[in-house]
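Summary of the model geometry
Chain by chain, the residues:
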Amino acid sequence: MIREYMYEHIHLYSILDLLQIPDLSLAKSLEQVVTFGKKHVLDCWLCSHKGFLCELCNSSKVIFPFDVENVYRCEACNAVFHNTCLNASKPCPKCKRKKERQDILLLGVASD
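The rules we used
- Residues numbered from 1 in each chain as written.
- Predicted model: local features only at pLDDT ≥ 70, side-chain atom pairs only at ≥ 80, totals over all residues.
- Heavy atoms only, no water.
- Helix = DSSP H or I, 4+ residues; strand = E, 2+ residues; numbered from the N terminus.
- Rg over C-alpha atoms; globule rule 2.2 N^0.38 Å.
- Buried < 20%, exposed > 50% of the residue type's maximum accessible area, 1.4 Å probe, protein only.
- Contact = heavy atoms within 4.5 Å.
- Areas by Shrake-Rupley, 256 points an atom, 1.4 Å probe, with all protein chains shown as cover.
- pLDDT = per-residue confidence, 0-100.
- Salt bridge = Lys/Arg side-chain N within 4 Å of Asp/Glu carboxyl O.

Side note on the overall build of the chain
Across its full length, the chain holds five helices and two strands. Its helices and strands taken in sequence order, the chain reads α-α-α-α-β-β-α from the N to the C terminus. Taking 112 residues into account, the globule formula puts the C-alpha radius of gyration at 13 Å, and the chain, at 20 Å, lies well above it. Counting only C-alpha atoms, the chain reaches 65 × 30 × 30 Å along its principal axes. Burial status across the chain gives 19% buried among its 112 residues. Contacts spanning at least 24 positions in sequence make up 25% of the contacts within the chain whose residues lie at least 6 apart. As presented, the chain carries roughly 8,800 Å² of accessible surface, and 62% of it is formed by carbon and sulfur atoms.

Here is the structure:
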């Protein structure tokens, strides 16, 4: 059964979908949707160029936010890093730079 709405609206479920939770058939359908999406992103020339490079280790391998087992995504700025390079206990370098720029602007305004 093809459920095209699942590919476009990630929080939209039908009553039938919800009834399929106990027997895990909804989970199987969602796995197929996720597998399709991952394959598309990795195989599509345009989509594959929308990944991230880890600025901490400078690896040339592109990483994607959907690779939840291997990446860490900053909740504040959505930057993506390898989970071995950054985690919630370490400060995000992108957020740190943003704060430093804001501080410089505030200091400039305060001195005027």
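A short note on the confidence of the model for the chain
Residues at a pLDDT of 70 or more form 95% of the chain, whose mean pLDDT is 89. Element-level pLDDT for the chain is lowest in helix α1 (residues 5–8), with a mean of 81, against a maximum mean of 95 in strand β2 (residues 80–82).

Here we look at the pattern of salt bridges
Using the criterion set out here, one finds three salt bridges in the structure. Put simply, K99 and D103 hold a salt bridge, and the shortest N to O gap is 3.2 Å. You can see K99 and its partner D103 sitting in helix α5 (residues 93–111), four residues apart, about one turn around the helix.

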